[in-house]
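# Summary of structural features
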Amino acid sequence: MRYTKFCSSIAFVFVFILLSPTALASSTDSEFPQIIVQKQSEFLTADLSANVTSGNHTLKDMESKDLETNVNKVPNKDTVLPVANFSSNVSSGYAPRSILFKDLLQNATLRSWDFNNDETADSSDKIPVYVYKTPENDIFNPTERHGNSTNSKLSAITVFNPTDPVFPIANFHANVTSGNAPLSVQFIDLSQNVTGRNWNFGDGNYSIEHNPKHTYSATGNYTVNLTVNDNNGTNSKILELIVHEGSNNDKILPVANIASNVTSGYAPLSVLFTDRSQNVIVWNWNFGDGATSTEQNPMHTYSAEGTYTVNLEVSNSNGTASKTVTITVQNHISTGSSSGGSIISRNSHSSVETGHGGDSGAGDSPESKSNVLTREISQAFIANGKTAKFDFIKNTTSVIYVKFDSKKTTGKTTNTIEMLKEKSTLVSGLPSGEIYKYLNIWVGDKGFEISNNIESPAVCFKVEKSWIQDKNINQSSIVLNRYSENKWNQLPTSLSGKDDKYLYFIAKTPGFSPFAITGMTKAEESMTEKQKSEQKGSNNMSVLGMICLIACLLAIFLYKIDQKE
């Protein structure tokens, strides 16, 4: 009987402990404090300086903008002095504006960049990137040292307020301005702030291509006019061309040549053919599958597996020439991706940017052309062990940049962003929350973004403050969603900056495919919190019931022991 009473006492104490509020709280509360690390935007800076010989020199950057530096006379002609020089990918743009600078110094051992004219060195990198976050007009002073000698060079960088209008600037270059007929001329568009262009070649022919090639078959003087436009206006530039009559002993024959963006891939395979011929006035393409074209730079889609011989025959008044290339098309086989999620079949992206709006199309993308609202393309050189970054400077989509650390050298690679009208035709179902934008991100060839090739991929995107206010969105709920493995997955997303019009976010992604930017309204979040609270209460009741059941079973067990004694 003493044993029975002792066991009963133990059972009572056990039940009391289990039913105590402290034990109940510790048993049911499985929520751990969350540690949130917000990664700030990565902005690199740099500065440069050098010594040069005496005289006034005019240096040119990547956009052929004149840059001047005044240099003092050097007394000792045998002294090796540094020469300050550099280039930048752009010299103006909207804030925040990321600008890439490149060191072109000579005879230099040290460099120092001052980007914001505050007489403080910002960087000593050879190829730095600096981000101007606010509208400003800075003159930065890069200084270069060699021994005890120094030299510097100044350049103006203009950053506009996003609300200020930016007007287009027409500019172009022609590889020749005169020659004998037939004269083939390659035009290179160097315009800035452009959304559309129209070429008038002066002989009754027109083009809206970016960098067209045109052949003048008759002698004469021609005025070439390039008119460019954006949402704020238009601008034009003209160039005079002179075409002479060739002598009978100096007949110019055509030379056929072809380039294509891909030579193999999965069906359906879209291939962009680029004419590299010379002295041509007529083009005849035979794509090897029964289809033909007389366009200069056609795009053709192969829908069936096979090996196709493409033949281009070109001609002018003096003769004809031809050139062939081979295109290999394979059957499509869906494959998984070790970067997380399935790979959607697609082909290499063309480096030629299409137009926007209804005519933008998806090119070689698997997305339906009718669903593409705007399309923007960026290219970068990818090298093993380096960070690859694709900047989208035209602001036609919500993506600011895409970057990753490369584990493979692939050279010049294309990144394509497609802003969509509706959800991608490649997905099923909708992500949770309020939809801000649907978009596709394609990088390189199909399957390029596997973990063997890249690591730490990230996407920087922007969201309009007006949308957040109109929809009553909780700012902290904004997230980038990726479609993979037949479902939508929310990605780790953090706020990286803001200005008067946008909030800027960075999301980590395991790969590239269809995406959606979403946010939760404050009403939706309140409902979600209520559901979580009800679920927690239900869990508490379940745990309480389990404790009571254990107590009852223990009491029955002790009672039976007592009966046996």
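Here is a short report on the structure shown in this document. (Residues numbered from 1 in each chain as written. Predicted model: local features only at pLDDT ≥ 70, side-chain atom pairs only at ≥ 80, totals over all residues. Heavy atoms only, no water.)

## Quick notes on the side chain of Asn279
Along the chain, the position of Asn279 falls in the loop between strand 22 (269-275) and strand 23 (282-286). If near-sequence neighbours (up to four positions away) are discounted, Asn279 is found in contact with Pro182, Ser184, Ile252, Leu253, Pro254 and Asn316. (Helix = DSSP H or I, 4+ residues; strand = E, 2+ residues; numbered from the N terminus. Contact = heavy atoms within 4.5 Å.)

## Observations concerning the packing of aromatic side chains
Under the defined criterion, the tally for this structure stands at 21 aromatic pairs. Ring geometry for Phe404 versus Phe512: centroids 6.4 Å apart, planes at 55 degrees, classification tilted. Linking Phe404 in strand 30 (residues 399-406) with Phe512 in the loop between strand 37 (502-508) and strand 38 (514-519), this pair joins segments that are 108 residues apart in sequence. An identical accessibility class is assigned to Phe404 and Phe512; each is buried. Ring-pair connections join several aromatic residues into one group, and the members of that group are Phe86, Phe101, Trp113, Phe115, Tyr130 and Tyr132. (Phe/Tyr/Trp six-rings, centres within 6.5 Å; stacked < 30°, edge-to-face > 60°. Buried < 20%, exposed > 50% of the residue type's maximum accessible area, 1.4 Å probe, protein only.)

## Things to note about the sheet that holds strand 36 (residues 493-498)
Strand order in this open sheet of five strands is 29-30-33-37-36, and the pairing throughout is antiparallel. Edge strands, defined here as strands with exactly one partner in the open sheet, are strand 29 (387-391) and strand 36. Across the sheet, the axes of successive neighbouring strands diverge by a mean angle of 20 degrees, strand direction being ignored. Examined bridge by bridge, strand 36 and strand 37 share five bridges and lie antiparallel to one another. (Pairing = 2+ DSSP bridges. Axes fitted to C-alpha atoms, helices over the stretch in contact; angles between N-to-C directions.)

## Details of the sheet that holds strand 5 (residues 97-103)
Picture the strands of a sheet paired through backbone hydrogen bonds; they go either parallel or antiparallel. Strand order across the open sheet formed by three strands is 3-5-7, with antiparallel pairing between neighbours. The two strands at the open ends of the sheet, each matched to only one other strand, are strand 3 (86-88) and strand 7 (129-132). Taken over all neighbouring pairs, the strand axes of this sheet differ in orientation by 30 degrees on average, direction set aside.

## Notes on the environment of Ile281
Its place among the elements puts Ile281 in the loop between strand 22 and strand 23. Given the relative accessible area of 31%, Ile281 is considered partly exposed. A sequence separation of 66 residues divides Ile281 from Thr215, and the C-alpha atoms of the two residues are 5.7 Å apart. In contact with Ile281, other than residues within four places in its own chain, are Pro182, Thr215, Ser217, Ser315, Asn316 and Ser317.

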